[in-house]
Amino acid sequence: MPVSEFTLIEKYFNRQINGDSAPSVILGIGDDAAVLKVPQKHQLVVTIDTLIAGRHFPDSTPARDIAYKALAVNVSDLAAMAATPAYFVLSLALPESDEAFLKQFSDGLFEAADEFNIHLIGGDTCRGPLSITIQASGYVPDDGYITRSGAKPGDHIMVSGKLGAAAVGLASKTGEIELEPALKLQALESLNRPRPRIDLIPTLREYASSAIDLSDGLVGDLAHILEKSQVGARVQQDFIPVFEWVKQNNAYTYALIGGDDYELLFTVPEERVTALMQSVSNLKLDISDIGVITEQGYWLHNQGGPTDLSSKQGFDHFGS
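The sections below set out a description of the structure shown in this document. All chains use their own residue numbering, which begins from 1 and follows the written sequence. Given that this is a predicted model, residues contribute local features only at a pLDDT of at least 70 and side-chain atom pairs are listed and counted only at 80 or more, while totals for whole chains, interfaces and linings are drawn from all residues. Only hydrogens and water are removed before side-chain values are computed, so all heavy atoms of the structure are retained for them.

## Focus on the nonpolar core
In terms of nonpolar packing, the biggest core is built from 38 residues, with Val 168, Leu 222, Ile 240, Trp 245, Val 246, Tyr 254 and Leu 265 touching the most fellow members. Not counting residues up to four positions away in its chain, the partners in contact with Leu 265 are Ile 157, Met 158, Val 159, Ser 210, Ala 211, Ile 212, Leu 214, Leu 218, Asp 221, Leu 222, Ile 225 and Ile 290. Counting residues in hydrophobic clusters, the runner-up holds 35 residues, among them Phe 13, Val 75, Phe 88 and Val 140. The definition of a nonpolar core used throughout is a set of buried Ala, Val, Leu, Ile, Met, Phe, Trp, Tyr and Cys residues joined through side-chain atoms within 4.5 Å. Relative accessibility thresholds used throughout: buried, under 20% of the residue-type maximum; exposed, over 50%; partly exposed, between the two (1.4 Å probe, protein chains only). Pairs of residues are marked as contacts when any of their non-hydrogen atoms sit within 4.5 Å.

This is the structure we're talking about:
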């Protein structure tokens, strides 16, 4: 017997919020809308993403991983703006009321929510092709947000983590490449369960002049900063931190345009670089200095010489 929409919400998503852990939530799940209070001397940062089966994740992806990633990519956007995650709403379209799927999905969703310290405050379910839309919100101190438009010539270009693992994982899943079991497991973990860099929020607030999260690939996402800041860039390929297989096979395309990394790319004024690198060393944060912002142009330097990236783009949903 099919389960009603309201039964599904009550059974799988209505987890009560402890007021001590989320004092800004006045009223959560169970009414027509949530009621929230923005803390004094803070601003609200809001983001939204939709994940569609077969487009953003393979149809065979476990429900638990689908939910985890859906929330993680939104939290990554908040981190890129230097916003501390606070709460989110969920819109879930399902072909049918599959309780086995919903149990795994809600488990993955709340696993991510607990890990990122963010609270579900409402949402909606409906029948349709599988898709997940999450709107997430967070707080920054007044005027403490970071944008894409603050980069200046002379700023250093920084990136967190290692790039290319998720793209390699997808390529292995589709049969494009073969990986040894240990590397494949690691790559698929990066693809299915990206870890948004909320640990870098204090660092961005203190040092960054601009920032973006790496969802569509390093080349395309850096281009967004260059466009908004009206500057150029020079990137040194050998300085880009990459997944082990990428370096071993000189397959930098996966790191440059593969996407789905959800690391942070940001710029730092030259006079602040030494202090930044000392800070991240003390905190054991994985940050790499990969290039410099210039007046104009967009170049990648490697052993083969400079490559003009000005016509290159990252992933585009409506591109050819």
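Let's pick the thread back up.
## Some points on the pattern of salt bridges
By salt bridge we mean one thing: a side-chain nitrogen of Lys or Arg within 4 Å of a carboxyl oxygen of Asp or Glu. Enumeration over the complete set of coordinates arrives at 12 salt bridges. Two residues, Asp 107 and Lys 103, come together in a salt bridge whose shortest N-O distance is 2.6 Å. Taken together, the positions of Asp 107 and Lys 103, both in helix 3 (residues 99-116) and four residues apart, correspond to about one turn of that helix. According to the relative accessible area criterion, Asp 107 is partly exposed, its value standing at 27%. Under the relative-accessibility criterion, Lys 103 is labelled partly exposed at 42%. Here the residues in one salt-bridge network are Arg 64, Asp 65, Lys 103, Asp 107, Glu 111 and Arg 193, joined through shared partners. Starting at the N terminus, helices and strands are each numbered in turn, a helix being any DSSP run of H or I of at least four residues and a strand any DSSP run of E of at least two.

## Some words on the packing of helix 4 (residues 165-173) against helix 5 (residues 181-192)
Only the contacting stretch of a helix is used when fitting its axis, a line to C-alpha atoms as for every element, and angles between N-to-C directions run 0 to 180 degrees. Relative to each other, helix 4 and helix 5 sit at 110°, their axes nearing to 7 Å. Our classification of the angle between helix 4 and helix 5 gives roughly perpendicular. Crossing hand, helix 4 versus helix 5: left-handed. Note on element contacts: helix 5 touches helix 4 through Lys 184, Ala 187, Leu 188, Ser 190 and Leu 191, opposite Ala 165, Ala 166, Val 168, Gly 169, Leu 170, Ser 172 and Lys 173. When residues are grouped by polarity, Ala, Val, Leu, Ile, Met, Phe, Trp, Tyr, Cys and Pro land in nonpolar, Asp, Glu, Lys and Arg in charged, and all others, Gly among them, in polar. Across the contact of helix 4 with helix 5, the residue classes break down as seven nonpolar, three polar and two charged. Put simply, angles under 35 degrees are roughly parallel, angles over 145 are roughly antiparallel, angles from 65 to 115 are roughly perpendicular, and the rest are oblique. Each crossing is labelled by how the near helix is turned from the far one, with a counterclockwise turn of less than a right angle marking it left-handed and a clockwise turn marking it right-handed.

## As for the sheet that holds strand 4 (residues 84-94)
Across the sheet, four strands lie side by side as 3-6-4-5; this open sheet has mixed pairing. Edge positions in the sheet fall to strand 3 (42-52) and strand 5 (119-127), since each has one partner strand and no second. Pairwise comparison of adjacent strand axes, ignoring direction, gives a mean angle of 15° for this sheet. In terms of strand pairing, strand 3 meets strand 6 (residues 131-141) through 11 bridges, oriented antiparallel. The residue of strand 6 that forms the bridge with Leu 44 is Tyr 139. Sitting on the sheet, helix 2 (residues 63-80) touches strand 3, strand 4 and strand 6, and the angle it makes with strand 3 is about 145°. The pairing criterion for strands is at least two bridges between them, as found by DSSP.

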